[in-house]
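# Summary of structural features
Here is what each chain is made of, one letter per residue.
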Amino acid sequence: MPKKSFLICFVLCSFFSFSQTQECITTPNQKQLDYLNQTRSARQNWNMNINRVVINLPVKHHIVRESNGTGGLDPNQIPVIMGVMNTYFANASVSFFDCGAINYIDNSNYYNFNTSNEAILCAANDVSNVINIYYFNSVTSGSSGSLLCGYAYYPGGPDRVMMNNSCALNGSTLTHELGHYLSLYHTHNGATGSNPELVNGTNCTTAGDELCDTPADPTLCASSGCANYVNTSCVYTGTTTDPNGQLYTPDPTNIMSYSRKSCRTFLSSGQYNRSNYSAINDRGYLNCNTNVYGCTDSLAANYN
């Protein structure tokens, strides 16, 4: 394996790349943040290697096309997307699987999606208790019209990920969003607040992403792109220092960072452990029930 969520991202995610498609600016709402804080100790003391089993999480894919059925994500890309997701999260003992056939939504009103239409679209198409992933030609944010790669929700939010088609295929953004869905913070979480993570790691359990095996991150990219922070060799070239005056040495390869998307290939052991906790304890209600059973007699062959 290669190296180590305006509403949470309603999670509104903003993706920063050279095309000005913004990266995910994830801020849990207060209820979600309270929950994550209340369960912090349990997450940090979790050991996924005790009684380790594979957790299977169901996914429903929704491909949005023009009203005449043209356009939209090539369905042949779905196995590729699932393969990338499973390659990474196998290290968290998490396996994603397709729950039923692809749902095609032929409606030009949503082809180029704006977040203001989410409630209407998803009320008609969400499948309960599965991860609903929607694929659009483009994704923009409300009245601002900011171009997004996608966004997701932390535990406590809808079981939903909204994706720009091209970003769904770039190898790291969908994994990044699923990381949020499984409670992973950005590596630069709180970097511009009152309690930034320190380079020396003394507050690593309560600041940043609350994981001590990911280095403190000042936020690797800005609205102008990554060029002044991460070079094409995926090396951090910034000169930002923490409150102690120590130079940041973040990991430009971490998937939960705002590094160049082509550089993001790594999740740490701590990130996998936290994802495993979340899959079991936050997302244990997920199930794929696509069958209609004709009998509720527990002795019958078709009893579920």
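Basis of the calculations
Residues numbered from 1 in each chain as written. Predicted model: local features only at pLDDT ≥ 70, side-chain atom pairs only at ≥ 80, totals over all residues. Heavy atoms only, no water. Helix = DSSP H or I, 4+ residues; strand = E, 2+ residues; numbered from the N terminus. Buried < 20%, exposed > 50% of the residue type's maximum accessible area, 1.4 Å probe, protein only. Areas by Shrake-Rupley, 256 points an atom, 1.4 Å probe, with all protein chains shown as cover. Axes fitted to C-alpha atoms, helices over the stretch in contact; angles between N-to-C directions. Parallel < 35°, antiparallel > 145°, perpendicular 65-115°, else oblique. Left-handed = near helix turned anticlockwise from the far one by under 90°. Contact = heavy atoms within 4.5 Å. Nonpolar A, V, L, I, M, F, W, Y, C, P; charged D, E, K, R; others polar. Core = buried A, V, L, I, M, F, W, Y, C linked by side-chain atoms within 4.5 Å. Disulfide = S-S within 2.5 Å. pLDDT = per-residue confidence, 0-100. Pairing = 2+ DSSP bridges.

### As for the overall build of the protein
For the protein, the helix and strand inventory stands at 8 helices and 10 strands. The buried share of the protein, reckoned over its 304 residues, is 51%. When the accessible surface of the protein is split by element, carbon and sulfur atoms take 50% of a total near 13,000 Å².

### Here we look at the packing of helix 3 (residues 78-89) against helix 7 (residues 173-181)
Relative to each other, helix 3 and helix 7 sit at 55 degrees, their axes nearing to 10 Å. With respect to helix 7, the element helix 3 is oriented oblique. Relative to helix 7, helix 3 is oriented so that their crossing is right-handed. Within the contact between the two elements, helix 3 uses Ile81, Val84, Met85, Tyr88 and Phe89 and helix 7 uses Leu174, Thr175, Leu178 and Gly179. Along the lines of polarity and charge, the residues of the contact of helix 3 with helix 7 split into 7 nonpolar, 2 polar and no charged.

### What to know about unusual backbone geometry
Positive phi, close to 75 degrees, is recorded for Ser183, a residue that is not glycine. With respect to the secondary-structure elements, Ser183 resides in the loop between helix 7 and helix 8 (269-281). By relative accessible area, Ser183 is classed as buried at 0%. Its identity is not glycine, yet Glu210 carries a phi of approximately 65 degrees, on the positive side. Relative to the elements of secondary structure, Glu210 occurs in the loop between helix 7 and helix 8. Using a relative accessible area of 6% as the deciding quantity, one classes Glu210 as buried.

### Re the nonpolar core
By size, the foremost hydrophobic cluster in this structure holds 34 residues, and its most contacted members are Leu57, Met85, Phe96, Ile131, Ile133, Tyr135 and Leu174. Broken down by secondary-structure element, the contributors of at least two residues to this core are strand 2 (55-65), helix 3, strand 3 (94-98), strand 6 (131-136), strand 10 (160-164), helix 6 (165-168), helix 7 and helix 8. Non-local contacts of Phe96, meaning those with residues more than four positions away in its chain, are made with Leu57, Val59, Met82, Met85, Asn86, Phe89, Ile131, Leu178 and Leu182. Ranked by size, the runner-up nonpolar core spans 13 residues in total, among them Tyr110, Phe113, Leu121 and Leu148.

### Considerations on the state of the cysteines
As enumerated under the stated definition, the model contains 4 disulfides in all. What pairs with Cys234 in a disulfide is Cys263, and their sulfur atoms sit 2.1 Å apart. The sign of the -85 degrees torsion about the S-S bond sets the Cys234-Cys263 disulfide as left-handed. Taken together, the residues Cys234 in the loop between helix 7 and helix 8 and Cys263 in the loop between helix 7 and helix 8 connect sequence positions 29 residues apart. Classification of Cys263 by relative accessible area gives buried; the value is 2%.

### Thoughts on the confidence of the model for the protein
Atom-level detail of predicted coordinates should not be read off regions where pLDDT is low. With 85% of its residues at a pLDDT of at least 70, the protein reaches an overall mean of 88. Between residues 1-20, whose pLDDT stays under 50, and residues either more than four places distant or in other chains, the model counts 110 contacts.

### Quick word on the sheet that holds strand 7 (residues 138-141)
Overall, mixed pairing links the 3 strands, which are arranged 5-7-8 in an open sheet. In this open sheet, the two edge strands, each paired with only one partner strand, are strand 5 (112-114) and strand 8 (146-148). Strand-to-strand twist of the sheet, defined as the mean angle between neighbouring strand axes without regard to direction, takes the value 35 degrees. Summarising the sheet, strand 7 and strand 8 pair through 3 bridges and their orientation is antiparallel. Considered in strand 8, the bridge of Val139 is made with Leu148.

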